[in-house]
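What follows is the residue order along each chain.
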Amino acid sequence: MAFTSFLAGRIFKALLVILAIAALNFLLIRLAPGDPASVMAGESGATDPKFVETLRTRFGLDQPLWKQLLLYLGQIVQGDLGFSYRNQVPVIQLILERLPATLLLMASSFVVSLGLGVGLGMLSASVRFFNRKRWLDSLIMTLALICYATPLFWLALMMVIVFSVQLDWLPAFGMESVGANLKGWARISDIAQHLVLPTLALSLFFMSVYVRLTRAAMMEVMMQDHVRTGFAKGLTGGEVLRRHVFRNALLPIVTFAGLQLGQVAGGAVLIETVFAWPGIGRLMFDALLQRDYQLLLGVFLITSATVIAFNLLTDIAYRFVDPRIRMEGGAR
Amino acid sequence: MTGFWKRFSRNSGAVLGLALLVLVLVVALLAPLIYPVSPWQMIGAPLLDPLEDMAFPLGTDMLGRDIAAGLVHGTRVSLLVGTVSTLCAVLVGVGVGGVAGYFGGWIDDVLMRITEFFQTIPQLAMAVVLVAIFTPSLASIVTAIALVSWPPVARLVRAEVLSLREREFVEAATVLGRPTYLILFDEILPNTLPPVIVTATLMIATAILTEAALSFLGLGDRNFMSWGFMIGAARSMLREAPWLSVMPGVAILLTVLAINLVGEGLSDALNPRLRQRGE
């Protein structure tokens, strides 16, 4: 019972945030320099007076501001994000077509960066714990430092130069081979090959964040008394690490992983642009080029909604990782 | 001060970072002297390899623009946008966090909900939308980066103020009848400075990365040459002239690395207790 009310509360909160982002979009439309309707019509649509006129009615520009806001929010709630003049398709349709590709990229990067980051962070902390092979710790930390300072889009380009142009190992563009018409497993392996470079390029930065976080969290736990107790009980170093250190260090990592998702989504815009990955990040870049602002704002809203949905999932995961939280009924 | 320097220089990475950063600063300051001609000028044969013509030691791009001049002038935009946007973000963050932490209650609730709201929105996507809608210029880029990066400062300052306001020296000031705003600005906020300085240093690095990403996406200010723009422009030449995109990226990497190293050094020097606990 407590869980359902917690869930309902969190979902309600998430919906509120999404509505607030829609209101922010409305504010941006009003603040943009120039007449809102012609600005929103975009580069190509503004030359069509009929389209600008439909936008004028859509935004209710002859009505008071608060009515305009309600009108706009009402349309968003009904899933109407506007019409892309350039593509001659409703914005929501364009986005939904592209969303799976972005979700695939985000999910694979999330898993890879978290896996590599936590793994290397654990390795780094354990060699310090046992006070052996400390050079390994220095190596991992240097690697993390460099990955943290590398621009995502540049790393992506460098990977294209090395692995696609020079070595010709992996495809550099798109999500599937053009015109190959593959089916079943052949298609899956084709997509997987296209996924490798974008995933790695997007993962390395976040990997470095997780490495440092895992290492710091584990070193903090190592100082605590129950670890000493573990040794006193006669456990081996490995057992202490596994049972007493890592488990307790896991919690801040889960929290932080959820918080990073917004950044992963932002990074996806860059990565999809470099690799011509057919997701909503690439769509955002196209909208920029075409000055199709309805599409741009639509992508922004859906990207944010995706992040909020993921955050909701981590919140729920959190309750399973840490049984103590259940006692508090969701309040922190 | 000597104690500070001693702790800072114990971290050899930080000293290296500082040296690199000073070099970058000097280049930024002297850019108009080193390359007085605008980096947008097409002054050489297009697509010269590095070292091919010693007049253009790093070569030229597809329009015959000098790469070395572009790199040198790009330093200015990166550092300018990085510092100014961080300064704005810190001002907003300290204001919001200070007020929320000091007054508490419903003011705290409202301000923290707003902070959380800005933290959930994907930062880069929001910066892209802001700059695109308000047309790309240095001002819109700085504003956009500041708007997406203040929340961590607000949370940090709020947490610090929450613990500081219970301390004796604040109670003493209250008993002495000092006005609230003076207690906040004169007694409490100066004490939150060390961690804020460390965070702000790291934020400059992030801001430089964000600026580069924006101008890579074509949202840079076209009056100023920037590293992100150079990489974006070189994208179509990936096969013919890979060095065009390599060099500006290395410049970003080194600058951001230097700032991060200095940030870590500052963290060691300003929070000595933290370091002893962690190591």
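Residues numbered from 1 in each chain as written. Chains lettered and ligands numbered in written order. Predicted model: local features only at pLDDT ≥ 70, side-chain atom pairs only at ≥ 80, totals over all residues. Heavy atoms only, no water.

Chemist: Which residues make up the overall build of chain B, and what values go with them?
Modeler: When its secondary structure is counted, chain B shows 12 helices and 0 strands. Here the C-alpha coordinates of chain B stretch approximately 75 × 45 × 30 Å along the principal axes. By residue count, 51% of the 279 residues in chain B fall in the buried class. Residue pairs at least 24 apart in sequence account for 71% of intrachain contacts in chain B once pairs closer than 6 positions are excluded. Of the roughly 12,600 Å² of accessible surface on chain B, 67% is carried by carbon and sulfur atoms. Treating the 17 positive side-chain charges of chain B as one cloud and the 20 negative ones as another, the clouds have centres 6 Å apart. (Helix = DSSP H or I, 4+ residues; strand = E, 2+ residues; numbered from the N terminus. Buried < 20%, exposed > 50% of the residue type's maximum accessible area, 1.4 Å probe, protein only. Contact = heavy atoms within 4.5 Å. Areas by Shrake-Rupley, 256 points an atom, 1.4 Å probe, with all protein chains shown as cover. Lys, Arg positive; Asp, Glu negative; His and termini not counted. Charge placed at Lys NZ, Arg CZ, Asp CG, Glu CD.)

Chemist: Talk me through the overall build of chain A; I want residue IDs and the actual numbers.
Modeler: Counting its secondary structure elements, chain A contains 13 helices and 2 strands. If you line up chain A on its principal axes, its C-alpha atoms span 80 × 55 × 40 Å. Expressed as a percentage of the 332 residues in chain A, the buried residues total 51%. Residue pairs at least 24 apart in sequence account for 70% of intrachain contacts in chain A once pairs closer than 6 positions are excluded. Carbon and sulfur atoms make up 65% of the accessible area of chain A, which amounts to about 16,000 Å² in all. On chain A, the mean spot of the 28 positive side-chain charges and the mean spot of the 20 negative ones are 11 Å from each other.

Chemist: Pulling in residues and values, what's your account of the pattern of salt bridges?
Modeler: Under the definition given, this model contains 9 salt bridges over all chains. The residue Arg215 of chain A makes a salt bridge to Asp137 of chain A at a minimum N-O spacing of 3.0 Å. Residue Arg215 of chain A is found in helix 8 (residues 184-222), and its partner Asp137 of chain A is found in helix 6 (residues 134-149); the two are separated by 78 residues along the sequence. Taken individually, Arg215 of chain A and Asp137 of chain A each receive the classification buried, so the pair is uniform in this respect. The salt bridge involving Arg113 of chain B is made with Glu116 of chain B; its shortest N-O contact spans 3.5 Å. Residue Arg113 of chain B and its partner Glu116 of chain B are located together in helix 4 (residues 105-120), separated by 3 residues, close to a single helical turn. Here Glu116 of chain B falls in the partly exposed class, since its relative accessible area comes to 27%. (Salt bridge = Lys/Arg side-chain N within 4 Å of Asp/Glu carboxyl O.)

Chemist: Please provide a residue-by-residue account of the interface of chain A and chain B, values included.
Modeler: Where interface size is given, it is often the accessible area lost as the parts come together that is meant. Chain A puts 47 residues into the contact, and the matching count from chain B is 40 residues. Regarding the contact of chain A and chain B, the summed buried area is about 3,900 Å², with carbon and sulfur atoms giving 78% of it. At the boundary of chain A and chain B, one finds 1 salt bridge. Ionic pairing is found between Glu264 of chain B and Arg212 of chain A, a salt bridge with its closest N-O pair at 2.4 Å. Looking at the side of chain A that touches chain B, the elements that each hand over two or more residues are helix 1 (2-31), helix 6, helix 7 (152-166), helix 8, helix 10 (237-275), helix 11 (280-289) and helix 12 (293-321) of chain A. (Buried area = accessible area lost by both parts, 1.4 Å probe.)

Chemist: Give me the lowdown on the side chain of Ser245 of chain B, citing residues and values where you can.
Modeler: Here Ser245 of chain B lies in helix 11 (residues 243-270). By relative accessible area, which is 0% here, Ser245 of chain B ends up buried.

Chemist: Account for a nonpolar patch on the surface, naming residues and giving values.
Modeler: All names here are of chain B. A grouping of Val22, Val26, Leu29, Leu30, Leu33 and Ile34 is seen on the molecular surface, where their side chains present a nonpolar patch of about 570 Å² in accessible area. Within the secondary structure, Leu29 is located in helix 2 (residues 12-34). Classification of Leu29 by relative accessible area gives exposed; the value is 65%. (Patch = residues over 30% accessible without salt bridge, like charges linked within 9 Å, V, L, I, M, F, W, Y side chains within 5 Å.)

Chemist: Which residues make up the nonpolar core, and what values go with them?
Modeler: The nonpolar side chains of a soluble globular protein tend to be buried, and buried together. If you look at the biggest cluster of nonpolar residues, it comprises 174 residues, and the most contacted ones within it are Phe153, Met284, Leu296 and Phe300 of chain A together with Val128 of chain B. It is helix 9 (residues 180-216) of chain B that provides the largest number of residues to this core, a total of 17 residues. Aside from chain neighbours lying at most four places away, what touches Phe153 of chain A is Leu270 and Val274 of chain A together with Ala212, Ala213, Phe216 and Ile231 of chain B. If you look at the next biggest cluster of nonpolar residues, it comprises 15 residues, including Ala125, Leu235, Val240 and Ile253 of chain A. (Core = buried A, V, L, I, M, F, W, Y, C linked by side-chain atoms within 4.5 Å.)

Chemist: For the environment of Gly74 of chain B, give the residues involved together with the corresponding values.
Modeler: Residues and elements named next belong to chain B. When you line up the elements, Gly74 lands in helix 3 (residues 67-103). What makes Gly74 buried here is its relative accessible area of 0%. Linking Gly74 and Ser226, residues 152 residues apart in sequence, is a C-alpha distance of 4.2 Å. Ignoring any residue separated from it by four or fewer positions in sequence, one finds Gly74 in contact with Met225, Ser226 and Trp227.

Chemist: Which residues make up the packing of helix 8 of chain A against helix 10 of chain A, and what values do they have?
Modeler: All names here are of chain A. Packing of helix 8 against helix 10 brings their axes to within 8 Å, and their N-to-C directions diverge by 155 degrees. Taken together, the axis directions place helix 8 and helix 10 in an arrangement best described as roughly antiparallel. The crossing of helix 8 and helix 10 is right-handed. When grouped by side-chain class, the residues that make up the contact of helix 8 with helix 10 number 25 nonpolar, 6 polar and no charged. (Axes fitted to C-alpha atoms, helices over the stretch in contact; angles between N-to-C directions. Parallel < 35°, antiparallel > 145°, perpendicular 65-115°, else oblique. Left-handed = near helix turned anticlockwise from the far one by under 90°. Nonpolar A, V, L, I, M, F, W, Y, C, P; charged D, E, K, R; others polar.)

Chemist: Residues and numbers for helix 9 of chain B, please.
Modeler: Residues and elements named next belong to chain B. With 37 residues, helix 9 should reach 54 Å at 1.5 Å per residue; the first-to-last C-alpha distance of 46 Å falls well below that figure. By the largest-angle criterion, Pro194 marks the main kink of helix 9, which is about 45 degrees. Just downstream of helix 9, Gly218 is the residue with a positive phi angle, here 90 degrees. (Expected span 1.5 Å × (residues − 1). Bend = angle between axes of the 7 residues up to and from the residue.)

Chemist: Go over the packing of helix 5 (residues 123-133) of chain B against helix 6 (residues 138-149) of chain B, please, and point to the residues and values.
Modeler: Residues and elements named next belong to chain B. Where helix 5 meets helix 6, the axes come as close as 9 Å, and the angle between the chain directions of the two elements is 150 degrees. In terms of orientation, helix 5 lies roughly antiparallel with respect to helix 6. The interaxial crossing formed by helix 5 with helix 6 has right-handed handedness. Residue-level contacts link Gln123, Met126, Ala127, Leu130 and Val131 of helix 5 to Ser140, Ile141, Ala144, Leu147 and Val148 of helix 6. A breakdown of the residues in the contact of helix 5 with helix 6 according to their chemical character gives 8 nonpolar, 2 polar and no charged.

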